[in-house]
Amino acid sequence: MDKLTAYLLEVGLSSGILFLGYLLIRQRLQPKVRRFVLLACLIAPIAASIANYSVKTSVWLPTSTRVTNLFEDNNPAKEPSKTTEPIAAEVEPLTIHIQPNHTDSIEETSKQVEDASSEVNYPFILYVLIASFLILKLFVSLFSLRKLITTSEWDDELNVYLLDKPGFTGASFLSFILISRNLKGSAEYASVLAHEQSHVKKKHTLDILLSEVITALFWYNPIFWIIKSQIKINNEYEVDHE
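Here's what I pulled together on the structure shown here. Bear in mind the structure is a predicted one, so any value in this text is a computation, not a measurement. (Residues numbered from 1 in each chain as written. Predicted model: local features only at pLDDT ≥ 70, side-chain atom pairs only at ≥ 80, totals over all residues. Heavy atoms only, no water.)

1. Quick word on the packing of helix α6 (residues 187-202) against helix α8 (residues 222-240)
Thinking step 1. For the pair α6 and α8, the least separation of the axes is 10 Å and the interaxial angle reads 115 degrees. Crossing angle aside, the handedness with which α6 passes α8 is right-handed. Across the interface between the two elements, His 195, Ser 198, His 199 and Lys 202 from α6 touch Asn 235, Glu 236, Glu 238, Val 239 and Asp 240 from α8.
Thinking step 2. Per-class residue counts for the contact of α6 with α8 are one nonpolar, four polar and four charged. (Axes fitted to C-alpha atoms, helices over the stretch in contact; angles between N-to-C directions. Helix = DSSP H or I, 4+ residues; strand = E, 2+ residues; numbered from the N terminus. Left-handed = near helix turned anticlockwise from the far one by under 90°. Contact = heavy atoms within 4.5 Å. Nonpolar A, V, L, I, M, F, W, Y, C, P; charged D, E, K, R; others polar.)

2. Some points on the pairing of strand β4 (residues 176-180)
Thinking step 1. Most of β4 sits out of view: four of its five residues are buried.
Thinking step 2. Both strand β2 (residues 160-163) and β4 contribute to a ladder of three bridges, which runs parallel. In the sheet register, Leu 162 faces β4, and the bridge partner there is Ile 179.
Thinking step 3. Direction of pairing for strand β3 (residues 170-173) relative to β4: antiparallel, over a ladder of four bridges. The partner of Ala 171 across the bridge, within β4, is Leu 178. (Buried < 20%, exposed > 50% of the residue type's maximum accessible area, 1.4 Å probe, protein only. Pairing = 2+ DSSP bridges.)

3. Considerations on the sheet that holds strand β1 (residues 153-155)
Thinking step 1. Spatially, the four strands line up as an open sheet ordered β1-β2-β4-β3, and their pairing is mixed. Because the sheet does not close on itself, it has two edges, and the strands there are β1 and β3. Adjacent strand axes in the sheet meet at a mean angle of 30 degrees, parallel and antiparallel pairs treated alike.
Thinking step 2. Docked against the sheet, α6 engages β2, β3 and β4, running at close to 160 degrees with respect to β4.

4. Topic: the packing of aromatic side chains
Thinking step 1. One pass over the full model with this rule turns up seven aromatic pairs.
Thinking step 2. For the cation-ring pair, Arg 35 lies above Phe 36, with the distance from its terminal atom to the ring centre recorded as 5.5 Å. (Phe/Tyr/Trp six-rings, centres within 6.5 Å; stacked < 30°, edge-to-face > 60°. Lys NZ or Arg CZ within 6 Å of the ring centre and 35° of its normal.)

5. Quick word on the pattern of salt bridges
Thinking step 1. Overall, the coordinates contain six salt bridges when judged by the stated rule.
Thinking step 2. In this structure, the salt-bridge partner of Arg 181 is Asp 164, at a minimum N-O distance of 3.0 Å. Of this pair, Arg 181 sits in the loop between β4 and α6 while Asp 164 sits in the loop between β2 and β3, and the two are 17 residues apart along the sequence.
Thinking step 3. Of the residues examined, Arg 181 reaches a relative accessible area of 30% and is grouped as partly exposed.
Thinking step 4. On the accessibility criterion, Asp 164 (55% relative accessible area) is exposed. (Salt bridge = Lys/Arg side-chain N within 4 Å of Asp/Glu carboxyl O.)

6. Points about a nonpolar patch on the surface
Thinking step 1. Where nonpolar side chains cluster on the molecular surface, the patch consists of Leu 4, Val 120, Tyr 122, Phe 124, Ile 125, Val 128 and Leu 129 and spans about 630 Å² of accessible area.
Thinking step 2. If one sorts the elements of the nonpolar patch by residue count, helix α5 (residues 122-150) sits on top with five residues.
Thinking step 3. Among the structural elements, Leu 129 can be located in helix α5.
Thinking step 4. On the accessibility criterion, Leu 129 (55% relative accessible area) is exposed. (Patch = residues over 30% accessible without salt bridge, like charges linked within 9 Å, V, L, I, M, F, W, Y side chains within 5 Å. Areas by Shrake-Rupley, 256 points an atom, 1.4 Å probe, with all protein chains shown as cover.)

Now the structure itself:
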């Protein structure tokens, strides 16, 4: 198992454990607390797995090894012993140098490199393709929303964008509020405006964007998809029961 696969599986397992803990205490939590617990279930597994991966890949050289190498490098030369015996004529030994044959090892190494380069990691390619598609889909949605805002009519009196779209009532994104033109002047208009203003005040858009990015990068993990839906439900519940 390669390191990336191990990391992705570790994130999935950690998120499952955290979300199970959230389900056990969910009924005892207020909507504001649930919001931050759900966000923690998204962020904590990723951050903890990155920290764990960094620690596992760190390498330390033991102190004993450094000291041993130091003494081996600075070993003083021994002084020649003094003797009164006559020194025999020194005969230089015959040294035969044999050139090793590295042809076989070079061919074997090059073959291993070619085999490694020819191997295709299909699961990784599939992961990248799906993640890229989901990220691209998110950018397209944001671009469409921006186009929708720019083509809507701005109401200076209420500081909202009026939109003509069948079946649409209201929505908000960051500090932008969009309301159906058909609701203007009706009794429902005030409640829809207050609802969307509450979303803007609580910055719920940031929760949605974060959950969208994480589910795109970790699309294989069903727990993150469930958490994303729970974040949307909890945001609506928090505003409605404010």
